[in-house]
Amino acid sequence: MKILSVALATLLSAPQIRAFSSAAIIRSSSTRSNYLSPSVQSCSSSSTARTMSSVAEDTKVADPATNPLLQPDDLPKFSAVEPSQLTPAMQLILEKLESDFAAMESKLAESKDTATFDEVLPELEKMQHPLGFAWGIASHLNGVKNSDELRIAYEQNQPNIVKTSMKFSQSKPVYDALMAVQKKWESEESKDDDFVTLQKKRAVFNSLRSMTLQGVGLEEGSPEQIRFNEIKLRSAELANAFSNNVLDATKLFGLTVTDSKSLEGAPDSALAMWAQAHQQHLIKEASDEDEKKKLGEAEVDAKAGPWRMTLDGPSYVAAMQHVPDRDIRKQVYIGYLTRASEFTAEQLESKETEKKEGAPGKDNVPIINEMLKLRKEVSGLLGFKNYAEQSLASKMAPDVQSVADLSNLILEKALPAAEKELAAATALAREAGGDEYSESNLEKLMPWDAAFWVERLKENMFDLKEEELKPYFALDPVLDGMFGLVDRIFGVEVREANGKAEVWHPDVKFFEIYDKESGEHMASFFLDPYSRPADKRGGAWMADCRGKSSALGIDVPVAYLTCNGSPPVGEKPSLMSFREVETLFHEFGHGLQHMLTRATIGDVAGINGVEWDAVELPSQFMENWCYDKPTVDGFAKHYETGEALPEEMFKKLNDQKTFGAGMMACRQLLFGMMDLELHSNYDPDGDETIFDVQRRMAAIYTPYALPVEEDRFLCGFSHIFAGGYSAGYYSYKWAEVMSADAFGAFEDVGLDNEEGVREVGRKFRETVLSLGGGVSPSEVFEQFRGRGPSPEALLRHNGLA
């Protein structure tokens, strides 16, 4: 759902330090590094031998020939990466980087008025590439193959990375040189720049803006600069802790169910998933290998159980939608809504072997409070009224009021629809749910009831169950259909290339993209499709493995696409829910913008340099094709028989497209406006709490579903507290206006007009997918659509017009 979900992607946001965070997916933290040798023994000779061995080992892991983190000229060698290699690699890289940068600053200081573009940003890009490569691998693995050892090494090195980033962002010689380059261009007043020149101008503009937001204007060595940098270091630590707490609390929860009556009517796929989860839990808890082996060989009986529900995405959603037992639903719901809060902190802290003094705790409430205070303080140091104003300084939206205006325009249509949707679900619960749902026993549906009865309402209205669709959405055919779509509309061919790149898990697939007309190898990508609760963070995201760059000589960009879809169960392949299909298309849309870029200036190639409230345009655009008949015909085939999805089922699928759109829109509006409220009008030093803000905003945007007393949703809101969406979550709706309008261009020519669709598709590729950050998003959209975006298509697509 997101491009980068890392604190460092925000901290290291200046384009000239793009490489630092290009593949940084998730943060992590801990307290010690596992590359250190074992404890010193009492015998002096043993101690000497150990020390000599340690020195030899450290020398070995710092050798580019043996440390894959020091080999930036190729794809990552994941099979050879070990956490113990990170610190030696960082020490070597940072030492050279700081030396090279000091020399560059001296050179620029002497020629700041005559510096050229090629002497600044391309040189910085080349200089920083080794760090971006190594830190990117560590960040990526931290998200998809998390371990205690990697957390330890990651936290140990992160402060030095942040400090180095601040040196780049606050470099007066670099800033002055870029200002001189920009002024020279302004004096030339060229109106007919070629694309390369436009890229350079955007890269310089973005760099100057980003450096300003990173404190370059603060006086060197001043109390303000010192405090600014202290805040950045602490913010990185807090974001890491927040993310780790969410992951740990998610893994902590497990609810075992033994009574089959409690799960009566639940889909077979959900029962199989929960039964398999119980078996895996027993294996994990087993004390010896023989017992583990015996349990692993035992046949899982999905009908008889036992079953184990977790807070992993597929498990949680299935429980909310399909478990008839209200008490079980409540336990799972409260478990999810109280993650990483005071409700879980004590249990998590009891598992810690040691705690560093001053380190954040396992309760995210004080972490959030401190983060909000620090963000308010840092925005004040930069001269902004609040953090939201600072955040919007680098986005399309001009101010908070503009976002509020759009949100309220949508709310005016969405809220009546949402209330009507919930009323219908409530009526069905009263009618079919028995005495426990009568008005005398239940005044209104509780949050753990809503999803269950909305799902029953959908099944009743459209005579179609999700379980009936899943056999038609096996992962491999869905991929084939998605690749067929981009072949058809964008003229690119996706080929499976497993074995051509090392992967971090057997489930991971590798693909290459070729231009159909020229045969050129344009890009490659990794796909990690399934959830792995033990070591993989939740959610879905796309990130940059290698970015296109003329300075680095990289012509073939490479992306990471990460999902947390339903894994195979037993002999059955991965059978996806329709929402998981949409999520896959969504992340592929992000990947296409990264991979099909024509921009060659690294700082604005692909997703780089694109304003944050525009990055969701390609991803949300791709979701629309999940309702296109030729596209669905290309992938919806029964995994056992090969039978195509029946016409009647496709019609029902299309008919239910706007079902629940009111509640979904209101939910997204709540998240976006609550985020902005916390970062603008909320006073973290006042009497109001963050949960008071949540309730106050919910009264406006979801008055039909106010938070329960235990609700600690904000403690798991990683988008804004451990990612790049702080004071920016509204970007989903802002970009959805553009994505819906962009898809409207295909509707205008007729989706059954193959030639017209192909023509518009090529235009979309040549503009939205190709120009990257080299042209402003508003101009890119106008090049594609011939005008500015209109919310009309969004309202129409959601059935709210």
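The text that follows walks through the structure, step by step, so that each part is easy to find. Within each chain, residues carry numbers counting from 1 in the order of the written sequence. Residues qualify for local features only when their pLDDT is at least 70, as the model is predicted, and side-chain atom pairs are given and counted only at 80 or more; totals for whole chains, interfaces and linings, by contrast, use all residues. Note that the side-chain values use all heavy atoms of the structure and ignore hydrogens as well as water.

**Structural notes on the overall build of the chain**
And then number 1: Within the chain, the secondary structure is distributed over 31 helices and seven strands.
And then number 2: Against the 2.2 N^0.38 benchmark of 28 Å for 801 residues, the chain shows a C-alpha radius of gyration of 26 Å, consistent with a compact globule.
And then number 3: The principal-axis extent of the C-alpha atoms belonging to the chain is close to 80 × 75 × 60 Å.
And then number 4: Only protein chains enter the accessibility calculation, which uses a 1.4 Å probe; a residue is then buried when its area is under 20% of its type maximum, exposed when over 50%, and partly exposed in between. For the chain, with 801 residues in total, the buried portion stands at 58%.
And then number 5: The contact criterion used throughout is that any non-hydrogen atoms of two residues lie within 4.5 Å. A separation threshold of at least 6 residues defines the contact pool for the chain, and within that pool the share at least 24 residues apart is 76%. Per the convention used, a helix needs a DSSP run of H or I reaching at least four residues, while a strand needs a run of E reaching at least two, with both numbered from the N terminus. Radius of gyration: C-alpha atoms only; globule rule: 2.2 Å multiplied by the number of residues to the exponent 0.38.

**A look at the packing of aromatic side chains**
And then number 1: Only Phe, Tyr and Trp rings take part, Trp by its six-membered ring, and two of them pair if their centres are within 6.5 Å. Stacked means planes under 30 degrees apart, edge-to-face means over 60, and tilted covers everything else. Within the structure shown, the criterion is met by 44 aromatic pairs.
And then number 2: Taken together, a centroid distance of 6.2 Å and an interplanar angle of 25° make the contact between Phe743 and Phe746 stacked. Note that Phe743 and Phe746 are positioned in helix α28 (residues 731–749) at a spacing of three residues, about one turn of the helix. Phe746 shares its class with Phe743; the two are buried.
And then number 3: Note on Phe764 and Phe784: the rings are 5.3 Å apart at their centroids and 85° apart in plane angle, and the pair reads as edge-to-face.

**Things to note about the nonpolar core**
And then number 1: Here the nonpolar core consists of buried residues drawn from Ala, Val, Leu, Ile, Met, Phe, Trp, Tyr and Cys, with membership extended through side-chain atoms lying within 4.5 Å. Core analysis: the biggest nonpolar cluster contains 151 residues, and Phe525 and Phe588 have the highest contact counts within it.
And then number 2: Residue contributions to this core peak at 13 residues, all from helix α17 (residues 400–432).
And then number 3: Ignoring any residue separated from it by four or fewer positions in sequence, one finds Phe588 in contact with Met482, Phe483, Val486, Val494, Phe525, Leu561, Met595 and Met622.

**Some thoughts on the sheet that holds strand β5 (residues 521–530)**
And then number 1: If DSSP finds at least two bridges between two strands, the strands pair. Read from one edge to the other, the open sheet built from five strands follows the order β3-β4-β5-β7-β6, with strand pairing classed as mixed. Sheet topology places β3 (492–496) and β6 (541–546) at the edges, where each strand pairs with a single neighbour. Direction aside, the axes of adjacent strands within the sheet are offset by 25° on average.
And then number 2: Both β5 and strand β7 (residues 558–565) contribute to a ladder of six bridges, which runs parallel. Axis lines are fitted through C-alpha atoms, for helices just across the contact stretch, and the angle between N-to-C directions can take any value from 0 to 180 degrees.

**Side note on the packing of helix α20 (residues 475–490) against helix α29 (residues 754–769)**
And then number 1: Axis separation between α20 and α29 bottoms out at 7 Å; the angle between their running directions is 90°. In this view, α20 runs roughly perpendicular relative to α29, as classed from their interaxial angle. Contact residues: Asp487, Arg488, Ile489 and Phe490 in α20; Glu754, Val757, Arg758, Gly761, Arg762, Phe764, Arg765 and Leu769 in α29. We call two directions roughly parallel when the angle between them is under 35 degrees, roughly antiparallel when it is over 145, roughly perpendicular when it lies between 65 and 115, and oblique otherwise.

**Some points on the packing of α28 against helix α30 (residues 777–785)**
And then number 1: The interhelical angle for the contact between α28 and α30, taken along N-to-C directions, is 10°, at an axis separation of 11 Å. When the interaxial angle is binned, α28 and α30 end up roughly parallel. Seen from above, α28 lies across α30 with left-handed handedness. From α28, Met738, Asp741, Ala742, Gly744, Ala745, Phe746 and Asp748 reach across to α30, where they touch Phe781, Phe784 and Arg785.
And then number 2: Residue classes follow a fixed rule: Ala, Val, Leu, Ile, Met, Phe, Trp, Tyr, Cys and Pro count as nonpolar, while Asp, Glu, Lys and Arg count as charged, and any other residue, Gly among them, counts as polar. Each residue belonging to the contact of α28 with α30 can be placed in one class, and the counts come to six nonpolar, one polar and three charged. Note on convention: near helix rotated counterclockwise from far helix by under a right angle means a left-handed crossing. Clockwise means right-handed.

**Looking at a negative patch on the surface**
And then number 1: Only residues whose relative accessible area exceeds 30% and that form no salt bridge enter a patch; like-charged residues are grouped when within 9 Å of one another, and nonpolar side chains (Val, Leu, Ile, Met, Phe, Trp, Tyr) when within 5 Å. To be clear on the numbers: accessible area is Shrake-Rupley with a 1.4 Å probe, and residue cover counts the displayed protein chains and nothing else. For this analysis, a salt bridge means a side-chain nitrogen from Lys or Arg found within 4 Å of a carboxyl oxygen belonging to Asp or Glu. When charges are counted, neither His nor the chain ends are considered; positive counts come from Lys and Arg and negative counts from Asp and Glu. Here the site of a charge means atom NZ of a Lys, CZ of an Arg, CG of an Asp or CD of a Glu. Taken together, the side chains of Asp288, Glu289, Asp290 and Glu291 make up a negatively charged region of the molecular surface.
And then number 2: Within the secondary structure, Asp290 is located in helix α11 (residues 289–297).

**Side note on unusual backbone geometry**
And then number 1: Along the chain, Gly305 connects to Pro306 via a cis peptide bond; the corresponding omega equals 0°.
And then number 2: Structurally, Pro306 can be placed in the loop between α11 and β2 (307–309).
And then number 3: Of note in this structure, Asp463 is not a glycine but carries a positive phi near 50°.
And then number 4: The exposed category is assigned to Asp463, whose relative accessible area is 55%.

**Topic: the environment of Gly305**
And then number 1: Its location among the elements puts Gly305 in the loop between α11 and β2.
And then number 2: The exposure class assigned to Gly305 is partly exposed, which follows from its relative accessible area of 21%.
And then number 3: Separated by 361 residues in sequence, Gly305 and Cys666 have C-alpha atoms that sit 38 Å apart.

**Quick word on helix α21 (residues 578–595)**
And then number 1: Helix span is expected to be 1.5 Å times the residue number reduced by one. Helix length check: α21 (18 residues) gives 25 Å between terminal C-alpha atoms against 26 Å at 1.5 Å per residue, within 8%.
And then number 2: Most of α21 is tucked away: 17 of the 18 residues are buried.

**A closer look at the pattern of salt bridges**
Any two side chains of opposite charge can pair if their charged atoms end up close together.
And then number 1: The final tally for this structure, using the stated rule, is 47 salt bridges.
And then number 2: Residue Glu370 is joined to Arg234 by a salt bridge in which the shortest nitrogen-to-oxygen separation is 2.8 Å. Remark: Arg234 occurs in helix α9 (residues 223–252) and Glu370 occurs in helix α15 (residues 364–381); sequence separation between them is 136 residues.
And then number 3: You can call Glu370 partly exposed: its relative accessible area is 27%.
And then number 4: A salt bridge links Asp683 to Lys376, with the shortest nitrogen-to-oxygen separation between them at 3.3 Å.

**Observations regarding the pairing of β5**
And then number 1: Of all ten residues that make up β5, nine are buried, and the element is covered over most of its length.
And then number 2: Here six bridges tie strand β4 (residues 509–515) to β5, and the two strands are oriented antiparallel to one another. Counterpart to Phe510 in the pairing with β5 is Phe526.
And then number 3: Counted between consecutive antiparallel strands, the loop separating β4 from β5 contains five residues, among which Gly519 sits at a positive phi close to 80°.

**Some remarks on the side chain of Ser566**
And then number 1: Inspection of the secondary structure assignment puts Ser566 in the loop between β7 and α21.
And then number 2: If we skip the residues at most four places from it in the chain, Ser566 touches Pro314, Lys470, Tyr530, Ser574, Leu575 and Glu580.

In short, shape yes, function no, at least from these values alone.
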